[in-house]
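# Tertiary structure, described
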Amino acid sequence: MVVGFEKAASATKSVMSSGKKTPATLSSDSVINFARGDPTMYHSYWSKLGDRCTMVIPGNDLMSYFSDAGNLCWFFMPELDHAVRRLHRVVGNAVADDDRFIVVGTGSTQLFQALLYALSSPDEPEPISVVAAAPFYSSYPEETEFLRSGLYKWAGDAYSFDKDGPYIEVVTSPNNPDGAIREAVVNREGGKLVYDLAYYWPQYTPITHRADYDVMLFTFSKATGHAGSRIGWAIVKNKEVATKMVKFIELSSIGVSKESQLRAAKILGVISDDCQDSGPNKEETLFEYGQRLLSERWERLREVVERNGVFSLPKYPQDYCNFSGKYTDPSPAFAWLRSKEGLNCDNLLREHNIVTRGGTTFGVGSKYTRISMLSPDEEFNLFLERLSAIKGTGKGNCY
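Structural notes, computed from the coordinates. (Residues numbered from 1 in each chain as written. Predicted model: local features only at pLDDT ≥ 70, side-chain atom pairs only at ≥ 80, totals over all residues. Heavy atoms only, no water.)

## With respect to the overall build of the protein chain
- When you go through the protein chain residue by residue, the secondary structure sums to ten helices and 15 strands.
- What you see for the protein chain is a C-alpha radius of gyration of 21 Å, in line with the 21 Å of a compact globule of 399 residues.
- Expressed as a percentage of its 399 residues, the buried residues of the protein chain come to 54%.
- Within the protein chain, contacts between residues at least 6 apart in sequence are counted, and of these 73% link residues at least 24 apart.
- As displayed, the protein chain has an accessible area near 18300 Å², and 50% of this comes from carbon and sulfur atoms.
- Each charge sign in the protein chain was given a centre, from 44 positive and 49 negative side chains, and these centres are 4 Å apart. (Helix = DSSP H or I, 4+ residues; strand = E, 2+ residues; numbered from the N terminus. Rg over C-alpha atoms; globule rule 2.2 N^0.38 Å. Buried < 20%, exposed > 50% of the residue type's maximum accessible area, 1.4 Å probe, protein only. Contact = heavy atoms within 4.5 Å. Areas by Shrake-Rupley, 256 points an atom, 1.4 Å probe, with all protein chains shown as cover. Lys, Arg positive; Asp, Glu negative; His and termini not counted. Charge placed at Lys NZ, Arg CZ, Asp CG, Glu CD.)

Structure below.
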């Protein structure tokens, strides 16, 4: 989930125009930013689809605040509602039947805040504790504390949480940063669970079951790569929780952009169409493209890490994917790199002009760092080249 703007966005300078980002040619001394999770690797896939996702919106269209006055989420465009439910049925990664409420938000950032508001109570004598198992997504603490709310507070690592009373546990699966499949850790009376399933798509991990939790978060940015549209959605079982979420979004932004919703609906519809196409001229789907590219990148990264002996990477078990109908290896969106010699991994890579996000921001030690696997090919190739050049001191213990 993308909760809060990624801090590393300012670590390198980008040249922006009103409509396009012009990529600069990388030089041997260019700083490459692998700290942020900007999913730009998908650009080439959408480029080859031509005008299939193009939309034209007349100047007199989409002018009202209201999208569907009869829906609990009154700013949710019916087209996007249909497209989201359809895609989850096609992929089989989550239960999104008609008896579930779907709340649309301006990315998962807004939905996360809406959920903290919806799951807390002003009647409690003190703020409800919010926890996540370390390594947890680095923006959870900052986003929880940002408004200094009297309703909730960040309480740290779920593994060490021992306070009695109500709490909210955020379960990210596959996890950001380490790609692990997660379940709840605290498991005590009074707990409320938020399942962040931003990366539970076939390009990142085998789809082993239809997730069916009380609250599930998804984001357009990681499903398709369209981070700039700022669309996310929550699938919610409880009507009261969904109603409070809608109220939060109503008061904070009076709804969600209709233009972004319609663009998302169009793109999700194209993905579903392609997944269900069984014709003789069937082309590579988005999920096949993403899985193939990420699998190739992981294979190359593991080869480099094994050769230089300085770092280690997690290993992931192969599993049967119900969507693809075959056994597949997980290919997480991030690499969780560990320094075998116990060095500050983030600082070590920065010496080679590679910007990453260090382990301390994820609630663990500095010998870990997170690296995005979603960058353009040119940046990823340069990253591997620089990683290959790093040599160890030979004083550490391998594992």
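Once you've had a look at it, read on.
## Brief notes about the pattern of salt bridges
- In this structure the tally under the stated criterion is 15 salt bridges.
- Of the charged contacts, one joins Glu284 and Arg292 as a salt bridge, the two residues approaching to 2.7 Å between their closest N and O atoms.
- Judged by relative accessible area, Arg292 falls into the partly exposed class, the value being 34%.
- Arg297 is the partner of Asp377 in a salt bridge, and the nearest nitrogen-oxygen pair spans 2.7 Å. Taken together, the residues Asp377 in helix α10 (residues 377–389) and Arg297 in helix α8 (residues 286–308) connect sequence positions 80 residues apart.
- Here Asp377 falls in the partly exposed class, since its relative accessible area comes to 45%.
- Take Arg297: its relative accessible area is 2%, and that puts it in the buried class.
- A cluster of three or more residues bridged by salt bridges with shared partners is formed by Asp99, Arg100, Asp212, Asp214 and Lys237. (Salt bridge = Lys/Arg side-chain N within 4 Å of Asp/Glu carboxyl O.)

## Here's the deal with the sheet that holds strand β12 (residues 334–339)
- The strand order across the open sheet formed by four strands is β9-β12-β15-β14, and the pairing between neighbours is antiparallel. The sheet terminates laterally at β9 (311–312) and β14 (357–358), the two strands that pair on one side only.
- As paired strands, β12 and strand β15 (residues 368–372) are joined by five bridges and run antiparallel to one another. Bridge pairing links Ala335 to Ile371 in β15. (Pairing = 2+ DSSP bridges.)

## A word on the pairing of strand β7 (residues 215–219)
- Among the five residues in β7, five count as buried, and that is most of the element.
- Burial of the side chains of β7 extends over both faces: Val215, Leu217 and Thr219 are buried on one face and Met216 and Phe218 on the other.
- Across five bridges, β7 lies against strand β8 (residues 232–236) in antiparallel orientation. Following the sheet pairing, Leu217 is matched in β8 by Ala234.

## Here we look at the environment of Asp178
- Inspection of the secondary structure puts Asp178 in the loop between β5 (167–172) and β6 (191–196).
- Judged by relative accessible area, which is 13%, Asp178 ranks as buried.
- Once the C-alpha coordinates of Asp178 and Ala155 are considered, the two residues, 23 residues apart in sequence, prove to be 21 Å apart.
- A polar side-chain atom of Asp178 sits 2.8 Å from a polar atom in the side chain of Asn175. (Polar contact = N/O pair within 3.5 Å; in protein donor to acceptor, adjacent residues only side chain to side chain.)

## With respect to unusual backbone geometry
- Note the cis peptide between Ala134 and Pro135, where omega equals 0 degrees.
- Structurally, Pro135 is set in the loop between β3 (128–132) and α4 (139–145).
- Following Ser173, the chain continues into Pro174 via a peptide bond in cis, with omega recorded as -5 degrees.
- Structurally, the position occupied by Pro174 is in the loop between β5 and β6.
- Positive phi, normally seen in glycine, also occurs at Arg148, with a value near 50 degrees.
- Considering the arrangement of structural elements, one finds Arg148 in the loop between α4 and β4 (152–157).
- On the basis of relative accessibility, which here comes to 76%, the residue Arg148 falls in the exposed class.
- Positive phi outside glycine occurs at Asn187, with the angle close to 55 degrees.
- Relative to the elements of secondary structure, Asn187 occurs in the loop between β5 and β6.

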